[in-house]
Amino acid sequence: MLYSSLKKRSLIAILTIAFSSFAFSADIARTLRTNSQDNNDPDNFLEVGLGAGAFIGSSLKDADGKAAGLGVNLSASYNWKGFFIDVFAETGEPIIIGYNAYNNDVWSFDVVLGTTGEGVSEDTDNRFIGLNERESSSMLGGRLTGYFGENILQVSLKHDVKGRSKGTVASALLGRNWQYRNWNFHGLVGLYLSDAKFNDYYLGVTAEESAITGLEVYDGKTSVTFNSSLGVTYPISENWIYRATVSFGSDFGKKDSSLFEKKRSFYTGISNSISYVF
Amino acid sequence: MILNTKYKTFIVSPLYFTLIFVTLMWASSVYSAADNQHNIGLHITPQRCVALRQGQTCYQEVTFHWHQSQKGNYCLVELSTMDVLQCWQQTQSGKFEWDFQSSESQDFALRNQDKTENLAMTNITVSWVFKSSKRPKSSWKLF
């Protein structure tokens with residue numbers, strides 16, 4: 001079996017790979033998966049599932065940049081009078097709190113506050129002992145979503161208001177869904193921009209850190225990465241769904257950091273899961 | 001070690017039990033299917049179609065079985081549109097395979113040809129995983 005030849009990986013890496021559904025190209029992924037159209041969104045939900053995934057790409061810890069594994073996934077969304085909170089709901093950040101400030105039949109605008117995952121720390125790998133810990137950022141901004149039949153366009157702009165990175169990120173996503181009998185397919189392509197401050201906080205290595213860790217000095221630069229995914233969702237019953245996703249994207253502008261043990265220009269991954277929807 | 005007959009019987013018996021159980025289950029399913037076909041009435045299998053999202057078209061290959069006490073000319077009718085799906089001539093029972101495609105549950109009836117009285121009825125229920133609600137159309141909102 002494919003997985004048996006791969007090394008055992010950290011739980012965090014496995015969970016990220018198998019169950020975040022490759023969140024780099026997310027945000028509108030859930031809307032696409034549920035085949036929503038014309039600015040319809042699913043109501044509140046809670047999902048618990050079991051999945052498997054495999055990934056090849058750049059890695060902070062592993063020399064070969066490959067990972068595979070099984071794990072449990074959880075995602076939820078709660079909406080109340082325009083306010084919403086999404087937890088691991090196929091969004092770029094693990095948790096997003098937002099408010100739907102405007103919408104009509106075509107356009108919708110949300111004010112969103114999301115937290116990024118934490119960056120590297122001494123606990124991540126022995127190579128990082130002596131490195132200043134990178135903490136999560138609180139990204140406040142807006143996202144504008146346009147619904148054009150089966151196509152969805154979303155642009156977003158967020159700034160770190162917690163002040164740790166003082167960075168800004170932006171994204172432009174274009175997705176489409178289509179249905180073949182009860183199989184719901186979706187395709188998604190996106191461009192993600194992270195400014196130099198954001199990348200420098202998470203991926204930069206100062207001269208002081210370099211002197212302690214031996215890692216090469218690196219100044220974060222503005223990066224633009226390409227991300228894409230192709231997925232299918234099938235309703236097994238009223239409460240059970242099956243999902244499969246193949247993802248592909250680039251790591252240009254980020255992989256050059258000396259924090260990466262394995263540098264790859266592109267990543268690719270596949271994930272499968274069966275989830276119970278409450 | 002050689003087992004005596006008593007122990008052999010004891011050890012082998014789970015195998016016999018499994019065989020008997022599987023046979024009974026198979027016989028039960030065959031009887032049940034036959035029973036469905038010969039009961040007076042109209043039956044559909046499967047009777048439920050599950051879509052991913054509310055409002056989405058649901059697809060399901062279904063099979064209708066019907067049986068009546070007397071031979072006659074019968075038709076299978078979809079009741080919301082009154083479309084005639086299939087008719088049979090001078091027969092007492094019938095089977096019809098159909099590709100169900102609808103976003104809503106549908107009722108079906110067996111009728112005497114050219115008559116409106118429903119001799120037997122059944123339905124296909126459409127359900128979904130994710131409820132979908134239309135966001136209200138509005139302008140800019142203040143907190």
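Note on numbering: residues in each chain are counted from 1, in written sequence order. Written order decides the labels, with chains lettered from A and ligands numbered from 1. Local features in a predicted model are, by the rule used here, given only for residues with pLDDT of at least 70; side-chain atom pairs are given and counted only at 80 or more, and totals for whole chains, interfaces and linings are based on all residues.

J.: Lay out the overall build of chain B in plain terms, naming residues and giving numbers.
T.: A run of H or I in DSSP becomes a helix once it reaches four residues, and a run of E becomes a strand once it reaches two; helices and strands are each numbered from the N terminus. Assigned secondary structure in chain B consists of one helix and seven strands. Buried positions account for 16% of the 143 residues belonging to chain B. For chain B, the proportion of contacts with a sequence separation of at least 24, taken over those separated by at least 6, is 62%. Residues with at least 20 other C-beta atoms within 10 Å of their own are called buried, those with 12 or fewer are called exposed, and the rest are partly exposed. The C-beta atoms themselves are positioned from the backbone. The contact criterion used here is simple: two residues whose C-beta atoms, placed from the backbone, lie within 7 Å are in contact.

J.: Tell me about the environment of V112(A), and name the residues and values.
T.: All names here are of chain A. Mapped onto the elements, V112 comes out in strand 6 (residues 107-115). Judged by C-beta crowding, with 22 C-beta atoms within 10 Å, V112 ranks as buried. Along the backbone, V112 and F84 are 28 residues apart, and their C-alpha atoms lie at a distance of 9.2 Å. In this structure V112 touches I96, G98, G141, G142 and R143, once residues within four positions along its chain are discounted.

J.: Could you give an account of the nonpolar core, naming the residues involved and the relevant values?
T.: In a soluble, globular protein the nonpolar side chains are often hidden away together inside. Of all hydrophobic cores here, the largest spans 20 residues; its most connected members are C49(B) and A51(B). No other element matches the six residues that strand 3 (residues 58-78) of chain B contributes to this core. Not counting chain neighbours up to four residues away, the residues in contact with A51(B) comprise N182(A), P235(A), Q56(B), C58(B), V126(B) and W128(B). Core analysis: the second largest hydrophobic core is formed by 10 residues, F198(A), L203(A), L259(A) and F260(A) among them. Only buried Ala, Val, Leu, Ile, Met, Phe, Trp, Tyr and Cys residues enter a nonpolar core, and they are joined through C-beta atoms within 7 Å.

J.: An account of the confidence of the model for chain B is requested, with residue identities and associated values reported.
T.: Residues and elements named next belong to chain B. Confidence along chain B averages 78 in pLDDT terms, with 65% of residues attaining 70 or more. As a per-residue measure, pLDDT tells how confident the predictor is, with possible values from 0 to 100. Taken element by element, chain B is modelled with least confidence in helix 1 (residues 5-38), mean pLDDT 50, and with most confidence in strand 5 (residues 106-112), mean pLDDT 97. Every residue in residues 1-12 is under pLDDT 50, and counting partners more than four places away or in other chains gives one contact. pLDDT under 50 marks residues 134-143. Its contacts with residues more than four places away, or in other chains, come to 13 contacts. Both confidence scores are given for the complex: pTM 0.77, ipTM 0.77.

J.: Now, about the confidence of the model for chain A: what can you tell me, with residues and values included?
T.: In this model, chain A carries a mean pLDDT of 83, and residues with pLDDT of at least 70 account for 83%. Low pLDDT, under 50, characterises residues 1-26 of chain A; the stretch is placed with 59 contacts to residues that sit more than four places away or in other chains.

J.: Describe the environment of F278(A), and please don't skip the residues or the numbers.
T.: Looking at the secondary structure, you find F278(A) in the segment after strand 13 (266-277). Residue classification places F278(A) among the exposed residues on the basis of 9 C-beta atoms within 10 Å.

J.: Got a sec to walk through the sheet that holds strand 4 (residues 83-87) of chain A? Specific residues and values, please.
T.: Residues and elements named next belong to chain A. Here, strands pair whenever DSSP counts at least two bridges between them. Pairing in this closed barrel of 12 strands is antiparallel, and the strands run 2-3-4-5-6-7-8-9-10-11-12-13 around the ring. Taking the axes of each pair of neighbouring strands and ignoring which way they run, one obtains an average angle of 20 degrees across the sheet. Where strand 4 and strand 5 (residues 95-103) come together, five bridges link them in antiparallel fashion. The residue of strand 5 that forms the bridge with I85 is I97. To obtain each axis, a line is fitted to C-alpha atoms, and for helices this fit is confined to the stretch in contact; angles are then taken between N-to-C directions over 0 to 180 degrees.

J.: Kindly report on helix 3 (residues 196-203) of chain A, identifying the contributing residues and their values.
T.: Residue and element names in this part refer to chain A. Most of helix 3 sits out of view: six of its eight residues are buried. By the burial criterion, the buried members of helix 3 are F198, N199, D200, Y201, Y202 and L203. In this structure, the buried residues of helix 3 make contact with strand 8 (151-160), strand 9 (168-180), strand 10 (183-194) and strand 11 (223-235).

J.: Describe the pairing of strand 4 of chain A, listing the residues and the values that go with them.
T.: Residues and elements named next belong to chain A. Here strand 3 (residues 66-80) pairs with strand 4 via five bridges, running antiparallel. For S77, the partnering residue across the bridge sits in strand 4 and is D86. Hairpin connection between strand 3 and strand 4: a loop of two residues separates the two successive antiparallel strands, and K81 in this loop has a positive phi of roughly 50 degrees.

J.: Break down unusual backbone geometry for me, citing the residues and quoting the values.
T.: Omega for the bond connecting T45(B) with P46(B) falls within 30 degrees of zero, at -15 degrees, which places this linkage in the cis form. Structurally, the position occupied by P46(B) is in the loop between strand 1 (41-45) and strand 2 (48-53). Positioned with a positive phi, R181(A) is a non-glycine residue whose angle comes to about 50 degrees. Tracing the sequence through the fold places R181(A) in the loop between strand 9 and strand 10.

J.: Report on the environment of L50(A), specifying residues and quantitative values.
T.: Along the chain, L50(A) turns up in strand 2 (residues 45-56). Between the C-alpha atoms of L50(A) and G146(A), which are 96 residues apart in sequence, the distance is 32 Å.

J.: So what about the pairing of strand 2 of chain B? Which residues, and what values?
T.: Residue and element names in this part refer to chain B. The buried fraction of strand 2 amounts to five of the six residues, a majority that puts the element mostly inside the structure. Pairing of strand 2 with strand 6 (residues 118-130) involves five bridges; the strand directions are parallel. Bridge pairing in strand 6 links R53 to F130.

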